[in-house]
Structures are given as C-alpha cells and as structure tokens.
Amino acid sequence: MAQTLAPIRCAVLTGGGDCPGMNAFIRAVVRATLNLSPESTVYGVLDGWKGLVYNEYRPLGKRDVSGIAMLGGTILGTVRFPELATSQQLQERAARNLEEQGFDYLFVIGGNGSVKAAWALEQILRREGWRTRILVAPGSIDNDVCNNYGTSIGFYSALERSLEMLSWIRDTASSHRRVYLIRSMGRDSAYLAFYAGIIGGAEYAIRPHEEVDYERLAEVVAQRDRDTIIVVSEAYAKSLREIQQTLEDIFRRRGIEREIRAVDMSYFQRGGKASVTDILRASWLGYRMVCDALRGCSSGFYTAYYIGHLQDPLPLELAADDARTNHLDIPPEVIQMALALR
Ligand code: F6P
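Structural notes, computed from the coordinates.

**Thoughts on the pairing of strand β1 (residues 9–14)**
Phase 1: Counting buried positions along β1 yields 5 of 6 residues, so the element is predominantly enclosed.
Phase 2: Relative to strand β2 (residues 41–45), β1 runs parallel, the two sharing 4 bridges. Each residue of the ladder has a partner; that of Ala11, found in β2, is Tyr43.
Phase 3: Once the chain exits β1 it traverses helix α1 (residues 22–36) before rejoining the sheet at β2, and the crossover so formed is right-handed.
Phase 4: By the bridge criterion, 5 bridges tie β1 to strand β4 (residues 105–110) in an arrangement that is parallel. Within the sheet, the bridge partner assigned to Cys10 lies in β4 and is Tyr105.

Okay, here's the thing in structure tokens:
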C-alpha cells in the first residue's frame, strides 16, 4: 500500500481491565492511520467506554505514541463501567456521540465486556444509519475473549509475569520445604491459572469449577521432596485460607509434615511490560484494522493469532455470543499433558 489513502476521522479506545499490549495497539492505530493517510485525524477516548459516553477525547499525533509499545497499562486510561451493559440510554448516548463527533471508525481493544458494548452500539448505529464502524481486538489477561478463535492480547504478558513470580516463590518454598498456595487472576476462565501452573512447573493448578480431591492433593504434596506450588484460579469456590485449613487437617491426620503459606499474585500479573508476542500481535492487529478501515470495511472483531495472520474478521454479533465463541475451561488434552509432565 504505497499510495496515501483518503482521510478518515477515527478514535481509539481501551476498555475493561487494562493489559499489556494495549499501548502497542494504540501506537499501531495512530501511526498506521497517520502514515498511510496523513490527512486523517486520530483521537484517544479517555477512560474507556465511560469517556465515550461523556465525550472525553484527546487528539493523538505520531509523537504522542513514541516509546509506548512495550509499556503495560494504557496511556488512555480505562474505567470499569458496567452500567453500559444494561442501560439503553447510555448506549444511545455513546452511539450518538460517535455520530456527532463525525468518527468514521472506532478502534477498540478490550475484553468480552467491550465486545458486547461494541455490538450494542453497532445495532444502534445501523438502526439509525449513522456512519461509525467499530473494529474490536481482544485484550485481556484472562484469555476469555472469543477464545475459540485465538488468544487475547495481554494473556502471554501475564503468563510471563506469573512465571517470574512463581520462580521467586519456588526459591523460598524449596528452602523451607513449604507448600505455597498461589492465587491467580483470570475470573471464570481457567486459562491464566492453569497455563501459569504449566510454565511455572506447579504441582497442581485448581480450575474455577473443579471438584478437588484434597486427599489426592495431600498425597501429591507428601511425595514431593521439598517444595510444592499449587496455583488457584480466581473463581475457585474456596478462599486460600479455606484451602489451607482443609489441607492442614489432612496433613495432621495423615502425619504429613509440611507448612503451608498463601500468597496472591493477582494484580501483579496484570502489570509490567508487554511480552514480545503481545507487542507483535497488538501491532499487527492495529495495523490491519487501519488498512481495512482505509478501504471502508464494516464493523467486526479481529482474531489475535500471530503477526502476519490474515483471517476475515468475525461479525460483532457472533463475537459477542459467548455460547458460540468462548470456552472457559482447559481442553482435556492439555490437562492430560499437564498431568503427564508433572
Ligand atoms: O478481566 C481482567 C481481570 O484482571 C480479571 O482477571 C479480574 O477478575 C478483574 O480483571 C479484576 O478487575 P478490577 O481491576 O476491576 O478489580
């Protein structure tokens, strides 16, 4: 695409929980738009979907996004705004703002709340015959955004952070022959906790809705020479304290001499610099979306596989349908692999 293309007026928005890779996405959208179509204008929506409802933007130039690709968080800010999911009034207001601002495109990176918000606004925009098209990229450490189709941006960065933390804990756990219960984020999705467990060499990872056999888990601990790491998913029913209590009772009864400590790595998993994979995938998706927008594409959801990957975007209606596009538990073959490698 050597020639410059007709200008567009567009906005970029980061929604839901922040994740590493969001800044790389913002940078890609801004740079690609202004390099491929220099007369275009790009605005950043401040504080996510709330900023769209309250019309808060700032213009973004190429220099505003210098050096941000690897930074965690989002330079535009994000706010939890669950009201948007249920309030038709707020949705109408956000859609009207897009029209009144004259935005041709809204580029979004966010979790499944953002996909649903995009679909809600899309229906209003099409009903009214308004101009804005919405293009969405998956961004969440939970890997629960349309994950029948790729993995979300931010997931691999959070795994890298988890790997670091698990290795630190391993040092002290093995020195003291201790069992560590380590809480992981991930909401109802098992992915972050389970994959962190695999890469960190955990002896066990408890999935959100798992029926845990604690007698068996105590045996796993008893067979260990020194340290034991057990990663616990955020949505698992018992607290770390309750798990500790249950295991301590069994240890006492069965004469297993191990101390247990509990630690929560949750918010640390979401911070820090983006992984190479997430920077590349976020950059690629941002670039691809802009190329499609400059050709006048329709709204859609873009799958994040790998840099260079070209698959048609999914319709937002399909992307927003969790029953068809999302699975939250780990495929049985991966669980078998994890068990085989323990
Ligand atoms: O969706 C990402 C996530 O980090 C989840 O893993 C976690 O449940 C949630 O966000 C925490 O949200 P908040 O930052 O609003 O407490």
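**Description of the packing of α1 against helix α11 (residues 276–294)**
Two measures define how a pair of helices packs: the angle their axes make with one another and the distance between the axes.
Phase 1: Packing of α1 against α11 leaves a shortest axis separation of 8 Å and a crossing angle of 35 degrees. Viewed along their axes, α1 and α11 form a crossing whose handedness is right-handed. Contact residues: Ala24, Phe25, Ala28, Val29, Ala32, Thr33 and Leu36 in α1; Ile279, Ala282, Ser283, Leu285, Gly286, Tyr287, Met289, Val290 and Leu294 in α11.

**Quick look at the site of the ligand**
Phase 1: Around the ligand, the surrounding shell consists of Gly17, Arg80, Gly111, Ser140, Ile141, Asp142, Met185, Gly186, Arg187, Glu234 and Arg270.
Phase 2: In terms of residue class, the shell around the ligand is built from 2 nonpolar, 4 polar and 5 charged.
Phase 3: Formed jointly, the shell around the ligand draws a minimum of three residues from each of two domains, domain 1 (2–154 + 274–325) and domain 2 (157–270).

**Focus on the sheet that holds β4**
Phase 1: Within the open sheet, the 6 strands sit side by side as β3-β2-β1-β4-β5-β10. Their pairing is mixed. Strand pairing shows two members of the sheet lacking a second neighbour, β3 (57–59) and β10 (300–301), which therefore form its edges.

**Focus on unusual backbone geometry**
Phase 1: At Asn143, a residue that is not glycine, the phi angle is positive and equals roughly 55 degrees.
Phase 2: Inspection of the secondary structure assignment puts Asn143 in the loop between β5 (133–138) and α6 (155–176).
Phase 3: The phi angle at Arg187 is positive, at roughly 55 degrees, despite the residue not being glycine.
Phase 4: Relative to the helices and strands, Arg187 is located in the loop between β6 (178–184) and α7 (191–199).
Phase 5: By C-beta crowding, Arg187 is classed as partly exposed, having 19 other C-beta atoms within 10 Å.

**What about the sheet that holds β6?**
Phase 1: In space, the 4 strands of this open sheet follow the order β7-β8-β6-β9, with parallel pairing throughout. Each edge of the sheet is formed by a strand with only one pairing partner; in this case those strands are β7 (204–206) and β9 (259–264). Across this sheet, the average inter-strand angle for adjacent strands is 20 degrees, counted without regard to direction.
Phase 2: Relative to strand β8 (residues 228–233), β6 runs parallel, the two being bridged by 6 bridges. The residue of β8 that forms the bridge with Tyr180 is Ile229.
Phase 3: In the packing of α6 onto the sheet, the strands contacted are β6, β8 and β9, and the crossing angle to β6 comes to about 160 degrees.

Calculation rules
Residues numbered from 1 in each chain as written. Predicted model: local features only at pLDDT ≥ 70, side-chain atom pairs only at ≥ 80, totals over all residues. Buried ≥ 20, exposed ≤ 12 C-beta atoms within 10 Å, placed from the backbone. Helix = DSSP H or I, 4+ residues; strand = E, 2+ residues; numbered from the N terminus. Pairing = 2+ DSSP bridges. Right-handed = clockwise from strand over helix to strand, strands pointing away. Axes fitted to C-alpha atoms, helices over the stretch in contact; angles between N-to-C directions. Left-handed = near helix turned anticlockwise from the far one by under 90°. Contact = placed C-beta atoms within 7 Å. Near = placed C-beta within 6 Å. Nonpolar A, V, L, I, M, F, W, Y, C, P; charged D, E, K, R; others polar. Domains from an automatic or database assignment.

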